[in-house]
Amino acid sequence: MKKILLYTLFILILSTFTSLMVKWQFSPYIFFVKDLKKNIAAVINPSFIDTKDLTLEGSRPKYRDFGSLINLNNIKVIEFIQLNNFKFQWGKVDVKELKRVGATELNGKNIWYVNQDDHQLTNKLGLEDKITSNGGIKSAFSINNKTYVYIAYVDKACAAARLVDLTSMEIALQLPCLPNSENADLNGSGGAFLQLSNNTALLSTGTPTMANPEHEINQTAQSDKSLWGKILKLYIVDDKLTVEIFSKGHRNPQGLAKIGENIFDVEHGPMGGDEINIIKKSNNYGWPLQSLGSQYDLGSINKSYTKPIATEAPLLSFVPSIGISYIDKCPQIYSDYYAPNECLAVSSLRGQAIDFIVHKYGKVLFTEKLQFKERIRKFFVRGNTVVALTDFKGVIIGNLDKLN
């Protein structure tokens, strides 16, 4: 109460001073006082993000005794973004320990996450001294009550990745050494995950290199004998993990989601050409035969999706690249407004945004953007609430509402 009285007295003094300054034609001070009143009002009566869409009880995900938790209660509104028919009010949770997230899950009002370079887990896996700055934990998930970790690493001259069963600590899947591993960039190892049932999931791998399309690493995406550059189907048979190729021709898929009846992925292109794809079993998505981007030395890449062989064109490609990172459904109020058209949301690192993509019959109709000032690594949509994990800058949480 005493604090409020002091603020009130301060405002009265400044208001009197401003009246005199206006009389003497120093009107710019008016804007200073208006902003000050607004800021003080926010301190005295702060508004909070309504987390009604995050009402389920939640804690640490089952079968995971590693990683960290973030609670999303009592987040103050600090920013406002206006779209054509909607407003997005959001706040932030500062988390010093949050770096580049390798795996995460939203449980109730708690976020569980593990950083890509989580030393506790990499040490447990016996790979502590084999994690480079662009390798590490790319995904963690459960199938049939078993927890698996997908991790990329360098062992001597070998750049590789493996899937480890944390229940038995056995290697469930070993991807072979990348050819010419000195050209490997493990940022491109994939790691997107989608649960199809308790017993079945999809996992993406990439072709981790910045070398030109002709390089051997990139060529693995077209080889049916290689698991690199693929979306893999994982399922349990007789208590053992079985793996088959679901689709091929992928460069670096970072997000997978089932929205409506369709499965979508988002993946990094080279210099330009980030993609949103509609994923269907046995389809070929073109890398490195085609891309709407260019080589890093500005050399051109084939733009035809019929030559030398027929492949699937993306639903949407971003030129220049936005650093596309994750995918989920759109907020419910937004999807309902634009129905019967379909909507998906994608996040970006370089673009520092979440884009809403409205589409129908395989054609993009328009896009709208929630523009932030942080690299968005992963995000969740629950009802009309959006929760986004940034690189090194904490967690964004906000609500989408119609404009009055």
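Please read these numbers as outputs of a predicted model, since none were measured by experiment. In every chain, residue numbers begin from 1 and rise along the written sequence. In view of the model being predicted, local features appear only for residues whose pLDDT reaches at least 70, and side-chain atom pairs are presented and counted only at 80 or more, with totals across whole chains, interfaces and linings using the full set of residues. By convention in this description, side-chain values take in all heavy atoms of the structure and omit both hydrogens and water.

Considering the state of the cysteines
Put simply, the test is: A pair of cysteine sulfur atoms is labelled a disulfide when the two atoms are within 2.5 Å. In this text, helices come from DSSP runs of H or I with a minimum length of four residues, and strands from runs of E with a minimum of two, each type numbered from the N-terminal end. Exposure categories follow from relative accessible area, calculated using a 1.4 Å probe and restricted to protein chains: below 20% of the type maximum is buried, above 50% is exposed, and the middle band is partly exposed.
Applying the stated rule across the entire model yields 2 disulfides. There is a disulfide in this structure between Cys 158 and Cys 177, and the S-S distance comes to 1.8 Å. Its S-S torsion of about -110° marks the bond between Cys 158 and Cys 177 as left-handed, since a negative value means left-handed. Of this pair, Cys 158 sits in strand S8 (residues 158-165) while Cys 177 is found in the loop between strand S9 (170-175) and strand S10 (190-197), placing the two residues 19 residues apart along the sequence. Its relative accessible area of 44% is what places Cys 177 among the partly exposed residues. Across the disulfide, Cys 330 is cross-linked to Cys 343 (sulfur-sulfur distance 2.0 Å). With the S-S bond torsion at -65°, the cross-link from Cys 330 to Cys 343 turns out left-handed. Of this pair, Cys 330 sits in the loop between strand S18 (324-329) and helix H5 (332-338) while Cys 343 sits in strand S19 (residues 342-348), and the two are 13 residues apart along the sequence. For the pair Cys 330 and Cys 343, a shared accessibility class is recorded, and that class is buried. The cystine pairing of the protein, numbering bonded cysteines in sequence order, is 1-2, 3-4.

Quick notes on the packing of aromatic side chains
Put simply, the test is: Two aromatic rings, drawn from Phe, Tyr or Trp (for Trp, its six-membered ring), form a pair once their centres lie within 6.5 Å of each other, and the interplanar angle then sorts them: stacked below 30 degrees, edge-to-face above 60, tilted otherwise. Here, a charge over a ring means that NZ of Lys or CZ of Arg falls within 6 Å of the ring centre while also lying within 35 degrees of the ring normal.
For the structure shown, the criterion picks out 12 aromatic pairs. Their ring planes at 10° and their centres at 4.1 Å tell us that Phe 141 and Phe 193 sit as a pair that is stacked. Taken as a pair, Phe 141 in strand S6 (residues 136-143) and Phe 193 in strand S10 lie far apart in primary sequence, 52 residues in all. An aromatic cluster is defined as three or more aromatic residues linked by ring pairs; in this entry it consists of Phe 86, Tyr 334, Tyr 337, Tyr 338, Phe 356 and Phe 366. Residue placement shows Arg 251 over the ring face of Trp 287; its charged tip is 5.3 Å from the ring centre. Over the aromatic face of Tyr 361 sits the side chain of Lys 360, whose NZ or CZ is 5.0 Å from the ring centroid.

Details of unusual backbone geometry
Here the bond from Lys 307 into Pro 308 is cis, since omega is 5°, no more than 30 degrees from zero. Structurally, Pro 308 is set in the loop between strand S16 (274-279) and strand S17 (316-318). Between Val 319 and Pro 320 the backbone carries a cis peptide bond, its omega angle lying at 0°. Note on placement: Pro 320 falls in the loop between S17 and S18. Positive phi is not limited to glycine here, since Met 169 has a value of about 65°. Considering the arrangement of structural elements, one finds Met 169 in the loop between S8 and S9. Residue Met 169 is classed as partly exposed on the basis of its relative accessible area, which comes to 34%.

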